[in-house]
Amino acid sequence: MLYGADYNPEQWPEHVWDEDVERMREASVTTVSLGIFSWSRLQPTPTTWDFDWLDRVIGKLHEAGIGVNLATATASPPPWMSVEHPDVLAVDENGATYWHGSRQHYSPASPTYRRLAAQLVTKLAERYAHHPAVVMWHVNNEYGCHLPSEYSDAAQTAFRGWLQKRYGGVAELNEAWGTAFWSQRYGQWEEVMPPLKAPYSRNPAQLLDYHRFMSDMWLECYLAERDIIRAAGATQPISTNMMGAFKPGNYQSWAPHIDVITDDCYPDPLDPQRPRNTAFQRDLMRSLKPGTPWLLMEQATDAVNWRRTNVSKQEGQLAAETAQSVGRGADGIFYFQWRQSRAGAEKFHSAMLPHAGTRTRTWQEASALGGQLAALPELPQPKDEDARVALVFDWENWWAIENPDHPTTLDYLSLVREWYGALHRRGVMVDIVPPEQVSDRHHLAIAPFLYLLRDEGAAALTRFVESGGVLCAGPFSDIVDANDRFRLGGFLQQLGPVLGVGLEDFRALPLPSATAIAERAGTAEIESGGDHPSSSDHVELDLTDGSTLRGTHFAEALWADDAEVLATFRTGPSATRPALTRRVHESGGQAWYVGTMPDPAALDAVIGRLLREASVAPVIENLPEGVEVARRGDVVTVINHGPTAATVSIPGTELLTGEEFGSRELAPQEFAFVKSAITS
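J.: Can you lay out the packing of aromatic side chains for me, pointing to particular residues and giving the numbers?
T.: Scanning the model with the defined rule gives 35 aromatic pairs in all. Measuring from centroid to centroid gives 6.4 Å for W39 and Y113, while their planes differ by 55 degrees, and the two rings are tilted. Here W39 is found in helix 2 (residues 39-42), whereas its partner Y113 is found in helix 5 (residues 111-128), with 74 residues between them in sequence. Under the relative-accessibility criterion, W39 is labelled buried at 0%. The interplanar angle of 40 degrees and the centroid separation of 5.2 Å between the aromatic rings of Y210 and F213 together place this pair among those described as tilted. Of the two residues, Y210 and F213 both sit in helix 8 (residues 204-231), three residues apart, roughly one turn of that helix. Taking relative accessible area as the criterion, Y210 reaches 2% and is therefore assigned buried. Since its relative accessible area comes to 0%, F213 is described here as buried.

Below, the structure is given as structure tokens:
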């Protein structure tokens, strides 16, 4: 288990370095990420280089047995570059230039930036590729975090080249973008621009492609640096740190090119859904490279500095969040950062070693946690059979569904997290994958709000059902193709035959003006087999147990062409029409469709029925409220996130103590790793 932090020795006089190394050993630090923002120190002028200080730091760490995750330092170009090469600077959609003085102010499409970055990486790789202290390479840092899109001249030129590669000719581009609308037809490539400032709605296909383009630009930068490192003979793993469900970067397309997934995660202690949201992020990272452990590359030891209110973590919360990462596949835990900064924008951000020193709770908790992780035996790799449920989450769909000019405004990530939360509360392990990666290792696949559905994704979901899997789709799914165009013939053109339903219209419901997600206004009531007149703006669903539940966002007008109607809308714009359907296939597979977004109670009921139909069991039955459980091979992790003690029963041996776990009361924020015979 790797343990450590970002280390920025260039911010401190050299006499502090020896103390740093000594303290790192006390805290059970095994590895540090080094040099992430050191470009101006490594190359103080265009023609001078200084690696001597880095040699000394690496030497001290190596002598102490501490490994180095060496950064390429390309995340923040030095000021001299902006002055001498202004063409490297990023530009916003209004044409205003981003200057140095912060970080990440460069255009990833700039040939000059790429050339100068390659020069730096080449020198680093040639110097340290075979250094015994270097155990890993850290390319750039948080690509796109502060600059998800930019519109410089370099970006315009690169965008045209990207489009030519994707579509071939201008005629093909016009067809894909539907430019006959509003007289947008292009005659030559020079007329094609990024989606710059415009007086009204911009072309949705153009917006979608610009998301793709920017994500690919960041990936191209990564690949260029990776290839330089490999060419120098480096054999260590190479990665770049991701940021969970980060909309601008399509990590599902990046993952095949990255040796080990690394993630930065900063949950807000004030977020009541924090355990659910962080679990979603860990499972997303685990799902990017199935069967391969990942690394938590950054988390905060305590408060951050960039929220409106930066509250401290409660006692034990740091350890509980760390255990959650380990239980969901992490083989390394790191922080930003090692020593708290004296100056700069992040001087209030917590660190392993705070300004107040080693008598602080932060230092004591981080050091104790390092000792606990060091005491763990080698953990099993995540296995395919750990998760039998696939939750479909797709970046291109995310970009498309949140374009403007739709029937209603949707927060795709929040809606998918609600489906995930119903599974998380039950203690069910989940893979979070694009539709193409739903496979026979899964028993249940859930695909909510899959507005943009590629041909390959539809084929994978169809195969899944025909092979005996249980699929639940909808609402607002299978609406457009990969270019955000309606398919000829209407909606549900790909999944309709599998589901046995047709879709006439979406019939959006009013959204709340200001309320919590789980308390939306404009709901719709649905019931099983009912025939009642419309009486409200919500619909009720009566399940077989007689419960009445509600749905939100849509009350879709459905036709049950070849499907069993399990529930109908009682009220709302689609009263008496099907709301929940199921088609059973000869293979035993089932295809469900839900024409609304179930509210929390309804969602729990629907999830319960789907799990029973798919024969999927939780890791632990009857999980107490506030308690989280995860499986990693034969290791079960249990965490009490709740405010009161909770009793949990797991047959097996606790890894940290060697004692039989049995039935145990866990205090708030207490966790345990249990080697158990529990299987999926």
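Right, picking up where we left off after that structure.
J.: Quick one: what's the story with helix 5, residue by residue and with numbers?
T.: Helix length check: helix 5, at 18 residues, gives a terminal C-alpha distance of 25 Å against a target of 26 Å (1.5 Å per residue), a fit within 8%. Buried residues of helix 5: T112, Y113, L116, A117, L120, V121, L124, A125 and Y128, and no others. Contacts made by the buried residues of helix 5 are with helix 2, helix 3 (52-63), strand 3 (67-71), helix 4 (79-84), strand 4 (134-138) and helix 8.

J.: Kindly report on the nonpolar core, identifying the contributing residues and their values.
T.: L61, W177, F280 and F393 are the most contacted members of the largest nonpolar core, which totals 183 residues. Tallying contributions element by element places helix 8 first for this core, with 13 residues.

J.: Account for the sheet that holds strand 27 (residues 671-676), naming residues and giving values.
T.: Within the open sheet, the five strands sit side by side as 23-24-27-25-26. Their pairing is antiparallel. A strand with exactly one partner marks an edge of an open sheet, and here the two such strands are strand 23 (627-632) and strand 26 (660-666). Going across the sheet, the axis of each strand differs from the next one's by a mean of 25 degrees, ignoring polarity. In this sheet, strand 27 lies alongside strand 25 (residues 646-654) in antiparallel orientation, the contact comprising three bridges. The partner of E654 across the bridge, within strand 27, is V674. Together, strand 23, strand 24 (635-640) and strand 27 form the strand contacts of helix 11 (residues 317-327), whose direction differs from that of strand 27 by roughly 25 degrees.

J.: Lay out helix 17 (residues 600-614) in plain terms, naming residues and giving numbers.
T.: An ideal rise of 1.5 Å per residue puts 21 Å on 15 residues; helix 17 measures up with 21 Å between its terminal C-alpha atoms. S615 lies just past helix 17 and shows a positive phi near 55 degrees.

Analysis parameters
Residues numbered from 1 in each chain as written. Predicted model: local features only at pLDDT ≥ 70, side-chain atom pairs only at ≥ 80, totals over all residues. Heavy atoms only, no water. Phe/Tyr/Trp six-rings, centres within 6.5 Å; stacked < 30°, edge-to-face > 60°. Helix = DSSP H or I, 4+ residues; strand = E, 2+ residues; numbered from the N terminus. Buried < 20%, exposed > 50% of the residue type's maximum accessible area, 1.4 Å probe, protein only. Expected span 1.5 Å × (residues − 1). Contact = heavy atoms within 4.5 Å. Core = buried A, V, L, I, M, F, W, Y, C linked by side-chain atoms within 4.5 Å. Pairing = 2+ DSSP bridges. Axes fitted to C-alpha atoms, helices over the stretch in contact; angles between N-to-C directions.

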